[in-house]
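The primary structure of each chain is shown beneath.
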Amino acid sequence: MNQAAIGIFDSGMGGLTVMRALKSALPEEAFIYLGDTARLPYGTKSAATVRRYALQAARALAQRQVKLIVIACNTASLAARELAETLAPLPVLGVIEPGAAAALAVAPHGPIAVLATEGTVKEGAYARAIGVSATVVQQACPLFVPLAEEGLTDGAIAELVVRRYLDPVLNLRPAPRALLLGCTHYPVLRQVISRIAGPELALVDSAHTTAAAVRELLTARQLRAEPSARPAPRFLVTDAPERFARIGQIFFGEAIDPGQVELIDLQ
Ligand code: DGL
């Protein structure tokens, strides 16, 4: 079981920002990434639809004998409990709790501004995870995902869109102390977001705290892989594997071999 892969899924390429942190924290682990590219975005869909898609994605990974599933999608985390119950004893981890912990580490009393998809904002997932210790304001940024998936991560268009969503947040008083990127697609827009937010506002995401949570869980269950292994990651997509390999490298931070990207059907 220790040599089995860690399964990761997202609606598209966003979860690759989490896998990047995981691979760097746990280089000896094997990874299978599933991007449901045919049905992206999840963020504008109803909770019932996202739940159904998330279950299908997680089942596809479970069938490939993974030892752990990471829901590298804030929006799909609404199905976290159901996935854990359905797939038990296979452990399932989400990104919401680690993201909340990262924000609280830099702004323990808030205010914390959460940028997320419409779905995550509607669920109020971060306000719940952060609890009463800090005030939370939420801003839905529905155009960020298409921008990111298009590889438009900087320049005039990205700047306009980022300003449109950030202006109301930056005008809040008291001013937010942390800006939480509550969608795994958003870290590729980090440069432009941080330029517009200014140096005073700490930008955090869930990638590194999720990697730490995964490491802790694998260690506690004695599921860590052999330290000498360096397996190549595998990628599964539900549409357009060539596009995934080409644009996905912006998210993953390294080249993706198109030969490693397999087209699958989740229905
Ligand atoms: N990357 C996903 C998230 O973290 C969702 C993007 C989408 O499909 O809307 O919420």
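Above this text sits the structure in question.
Residues numbered from 1 in each chain as written. Predicted model: local features only at pLDDT ≥ 70, side-chain atom pairs only at ≥ 80, totals over all residues. Heavy atoms only, no water.

### Observations concerning the pattern of salt bridges
The full count for this structure, using the stated rule, is 12 salt bridges. Where Arg 51 meets Glu 82, a salt bridge forms, and the shortest distance between an N and an O atom there is 3.2 Å. Here Arg 51 is found in helix α2 (residues 47-62), whereas its partner Glu 82 is found in helix α3 (residues 80-87), with 31 residues between them in sequence. We note a salt bridge from Arg 246 to Glu 242, for which the minimum N-O separation is 3.0 Å. (Salt bridge = Lys/Arg side-chain N within 4 Å of Asp/Glu carboxyl O. Helix = DSSP H or I, 4+ residues; strand = E, 2+ residues; numbered from the N terminus.)

### So, the layout of surface pockets
By volume, the largest pocket amounts to about 450 Å³. Taken together, 19 residues make up the lining of the largest pocket; nearest its centre are Ser 77, Leu 78, Ala 80, Glu 97 and Arg 128. Sorting the residues of the lining of the largest pocket by element identifies α3, β4 (92-93), α4 (96-106), α5 (118-123) and α6 (125-130) as the ones contributing at least two each. Per-class residue counts for the lining of the largest pocket are nine nonpolar, six polar and four charged. Put simply, the second largest pocket is a space of about 170 Å³. (1 Å grid on protein atoms, 1.4 Å probe; cavity = no way out; pocket = protein on both sides within 12 Å on 5 of 7 lines; lining within 4 Å. Points joined across faces, edges and corners; volume = space filled by probe spheres on them. Nonpolar A, V, L, I, M, F, W, Y, C, P; charged D, E, K, R; others polar.)

### Quick word on the side chain of Thr 153
The topology assignment puts Thr 153 in the loop between α7 (144-149) and α8 (156-170). Overall, the relative accessible area of 19% leaves Thr 153 in the buried class. If sequence neighbours within four positions are ignored, Thr 153 has contacts with Ala 158, Val 188, Leu 189, Val 192 and Ile 250. (Buried < 20%, exposed > 50% of the residue type's maximum accessible area, 1.4 Å probe, protein only. Contact = heavy atoms within 4.5 Å.)

### Re the site of the ligand
Looking at the ligand, there are 14 residues lining it, with Ser 11, Tyr 42, Gly 43, Thr 75 and His 185 nearest. Ser 11 places a polar side-chain atom, nitrogen or oxygen, 2.6 Å from an oxygen atom of the ligand. Contacts to the ligand include Thr 184, whose backbone N or O atom sits 2.9 Å from an oxygen atom. In isolation the ligand offers 300 Å² of accessible surface; the protein chains occlude 99% of this area. Judged by its atoms lying within 2 Å of the grid points, the ligand is housed in the largest cavity. Looking at the shell around the ligand residue by residue, the classes come out as six nonpolar, seven polar and one charged. (Near = heavy atom within 4 Å. Polar contact = N/O pair within 3.5 Å; in protein donor to acceptor, adjacent residues only side chain to side chain. Areas by Shrake-Rupley, 256 points an atom, 1.4 Å probe, with all protein chains shown as cover. Sits in = over half its atoms within 2 Å of the grid points.)

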